[in-house]
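Read off the chains here:
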Amino acid sequence: MSAGFDWNRPLWPPLTAQEPTGWQPWLSRIERYVPGVLLAIATAITLGVGGHGGRWWATTGVLVAATALWVLGTVVLAPVRLREHPVFALVTFLGVIGLGSALEVRDVTFLIFMIYAFLAAMQVRPTWLAFLALAATSLLINTLGNGGPVRALGDKPGIWITITIVQTAAIGGGGLLSTAVARQNEQRRRTLDELAAAQAENEGLQRQLLSQAREAGMLDERQRLAQEIHDTLAQGFTGIITQLEAAALAKEHPAEWQRHLDSATALARENLTAARRSVRALHPEPLDGATLPDALADVAARWSERTGVPATCTTTGDPRRLHPEIEATVLRITQEALSNVDKHAAAGRVGLTLSYMDDEVTLDVRDDGAGFEPATGDGGFGLPGMRRRVRRLAGTLHVESEPGAGTAISVALPAVPLLPEAPA
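Residues numbered from 1 in each chain as written. Predicted model: local features only at pLDDT ≥ 70, side-chain atom pairs only at ≥ 80, totals over all residues. Heavy atoms only, no water.

It is worth spelling out the overall build of the chain at this point. Of regular secondary structure, the chain possesses 16 helices and five strands. Classification of the 424 residues of the chain by burial places 43% in the buried group. Accessible surface for the chain amounts to roughly 21100 Å². Of this, 59% is attributable to carbon and sulfur atoms. (Helix = DSSP H or I, 4+ residues; strand = E, 2+ residues; numbered from the N terminus. Buried < 20%, exposed > 50% of the residue type's maximum accessible area, 1.4 Å probe, protein only. Areas by Shrake-Rupley, 256 points an atom, 1.4 Å probe, with all protein chains shown as cover.)

Below, the structure is given as structure tokens:
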């Protein structure tokens, strides 16, 4: 984490507090109803087993009703500003963990509802307190079904402490990474907005279009990254919890317990690797310290080495540094075009030509593969994404192809020069 990390922020800020774009309004509404749905599922399963008489309704049933009212008041109906207050977030978590624990003691099925306690813990501030909340949640979830924390820690403290540490580190670390990425993107957006405002009076229509395209592209990238991290972490956490629960049930069989614990550790590492890969995807690495012709040649060489298909890269005209957004777009389109050749073309060779002209830069990618009908294949070969990238920069993209005759993709973009104040 950077030195400027705000340790007073929650590990996973409420989606209702973020900029309401794209999928976020829907996810925000879903988030509010998650605890209620989990409680309803656990209650339905418990009642479905049968054998619950008046005593159940007088004890567990009363707890279910109290929990439902708590969720309704603190999560579903509470306004956003109140939910973001540190004291309210802590009170909400304590209520969820207390009522959930009481329910799980009476019926282990209510472990389903206790999963929401992880999300409630990640809203607690400051960060060190959130980690304590996560650890308490992990310990309770995994030990209440085995006689409670005191008994479990008394029997085999090493097992339960290890499980708690691994689970807390996986969930808390993922939350920290997500928060850091979101903050980095927010700072980057603000910086770009300030640069665009400072240059607006001195630049023409072309640079204004470029600034707008950059902002639109960043927003799309942020939404894509947020969705990818959210899905990856959610799936990974589910797998980790499943393995740890299985390990808890297999405590009398050391080999089986170790296998489940190793699987949970491997899932945590895979989840962290996937999140780091998403962060690295924010910036085209081949352009770090290299010119655009060199970067394209390197991409073509690596692709050729991986696929076994010869790929040549030729540069014409007078190479010069262009605006980073132009160079990044050319590189991304090259990567997408080569990926399409690998997936669909079955080509024997590929040729790339990068041409520098007075007022524009062009990229031509040709292959001798199977080809396709552009009128019917445009939706499945990555071309819509290429067109969106090009249109944001006031450029053009043309595709020539027919079955059995290969494919040629030609891209033309304005040759906007790199200004001294523009970030490279």
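Read on for the rest.
With that settled, consider helix α8 (residues 127-143). Taking 1.5 Å per residue as the helical rise, α8 with its 17 residues ought to reach 24 Å, and the 24 Å between its terminal C-alpha atoms agrees with that figure. Inspection of α8 places Thr127, Ala130, Ala133, Leu134, Thr137, Ser138, Leu140, Ile141, Asn142 and Thr143 among the buried residues, and these make up the whole buried set. (Expected span 1.5 Å × (residues − 1).)

To continue, consider the pattern of salt bridges. All chains considered together, the criterion is met by four salt bridges. Residues Asp298 and Arg302 are paired through a salt bridge, measuring 3.1 Å at the closest nitrogen-oxygen approach. Here Asp298 and its partner Arg302 are both found in helix α13 (residues 292-307), four residues apart, which amounts to about one turn of the helix. The exposure class of Asp298 is partly exposed, given its relative accessible area of 31%. With a closest N to O distance of 3.9 Å, Arg349 and Asp368 form a salt bridge. With a gap of 19 residues between them, Arg349 in the loop between α14 (324-345) and β2 (350-356) and Asp368 in the loop between β3 (360-367) and α15 (374-377) connect regions that are remote in the sequence. What makes Asp368 partly exposed here is its relative accessible area of 38%. (Salt bridge = Lys/Arg side-chain N within 4 Å of Asp/Glu carboxyl O.)

Look at the link from Arg125 to Pro126: it is a cis peptide, with omega at 0°. Checked against the element boundaries, Pro126 lands in the loop between α7 (116-121) and α8. Located in the positive-phi region is Ala346, a residue other than glycine, with phi close to 50°. Checked against the element boundaries, Ala346 lands in the loop between α14 and β2. We note that Ala394 has phi near 60°; this positive angle belongs to a residue other than glycine. Examined against the element boundaries, Ala394 turns out to sit in the loop between α16 (383-392) and β4 (396-401).

The alternating pattern of β4 places Leu397, Val399 and Ser401 on a buried face and Thr396, His398 and Glu400 on a face that is not buried. Across six bridges, the pairing between β4 and strand β5 (residues 407-414) is antiparallel. Bridge pairing in β5 links Ser401 to Thr407. Between β4 and β5, which pair antiparallel in sequence order, lie five residues; one of them, Gly404, sits at a positive phi of approximately 85°. (Pairing = 2+ DSSP bridges.)

Moving on to the nonpolar core. Ranked by size, the top nonpolar core spans 46 residues in total, and within it Phe93, Met114, Ile163 and Ile240 carry the most contacts. For Met114, the contacting residues outside a window of four places in its chain are Ile97, Gly100, Ser101, Glu104, Thr137, Leu140, Ile141 and Leu144. Formed by 37 residues, the second largest nonpolar core is a distinct cluster that contains Leu363, Val365, Met386 and Val390. (Core = buried A, V, L, I, M, F, W, Y, C linked by side-chain atoms within 4.5 Å. Contact = heavy atoms within 4.5 Å.)

What follows covers the packing of α13 against α14. Axis angle and axis distance: for two packed helices, these are the angle between their axes and the distance between the axes, and together they describe the pair. Across the interface, α13 lies against α14 with an axial gap of 10 Å and an inter-helix angle of 15°. With respect to their mutual orientation, α13 and α14 come out roughly parallel. For the element pair α13 and α14, the recorded crossing hand is right-handed. On α14, the residues touching Leu292, Ala295, Leu296, Val299, Ala300, Trp303, Arg306 and Thr307 of α13 are Glu327, Val330, Leu331, Thr334, Gln335, Leu338, Ser339, Val341 and Asp342. In terms of residue class, the contact of α13 with α14 is built from 10 nonpolar, four polar and three charged. (Axes fitted to C-alpha atoms, helices over the stretch in contact; angles between N-to-C directions. Parallel < 35°, antiparallel > 145°, perpendicular 65-115°, else oblique. Left-handed = near helix turned anticlockwise from the far one by under 90°. Nonpolar A, V, L, I, M, F, W, Y, C, P; charged D, E, K, R; others polar.)

With that out of the way, let us pick up the sheet that holds β2. Here five strands make up an open sheet; going across it, the order is β1-β2-β3-β5-β4 and the pairing mixed. Both edges of this open sheet fall to β1 (311-316) and β4, since each of them pairs with a single strand only. Each strand of the sheet is rotated relative to its neighbour by a mean of 10°, with strand direction disregarded. Here β3 pairs with β5 via eight bridges, running antiparallel. For Val361, the partnering residue across the bridge sits in β5 and is Leu413. On top of the sheet, α16 reaches β4 and β5; it is set at about 150° to β4, its chief contact.

Along the polypeptide, Ile141 turns up in helix α8. Owing to a relative accessible area of 5%, Ile141 belongs among the buried residues under this scheme. Among all residues touching Ile141, those that are not within four sequence positions of it are Glu104, Leu111, Met114, Ile115 and Phe118.

All told, the structure shown has two cavities of 30 Å³ or more when counted by the stated rule. Estimates place the volume of the largest cavity at around 150 Å³. Every residue lining the largest cavity is counted, 13 residues in all, and those nearest its centre are Arg83, Thr92, Tyr116, Ala120 and Gln123. Counting residues per element, the ones that place at least two in the lining of the largest cavity are α3 (60-76), α5 (86-106) and α7. (1 Å grid on protein atoms, 1.4 Å probe; cavity = no way out; pocket = protein on both sides within 12 Å on 5 of 7 lines; lining within 4 Å. Points joined across faces, edges and corners; volume = space filled by probe spheres on them.)

On to the environment of Pro86. For Pro86, the position within the fold is in helix α5. As a C-alpha pair, Pro86 and Arg125 span 39 residues in sequence and 5.6 Å in three-dimensional space.

This part is about the confidence of the model for the chain. Low pLDDT marks stretches whose predicted atomic positions should not be read closely. Chain-level pLDDT for the chain is 78 on average; 74% of the residues reach the 70-or-more range. Counting contacts from residues 1-5, a segment whose pLDDT is below 50, to residues more than four positions away or on other chains yields eight contacts. The low-confidence segment residues 14-25, where pLDDT is below 50, has 25 contacts with residues more than four positions distant or belonging to other chains. (pLDDT = per-residue confidence, 0-100.)

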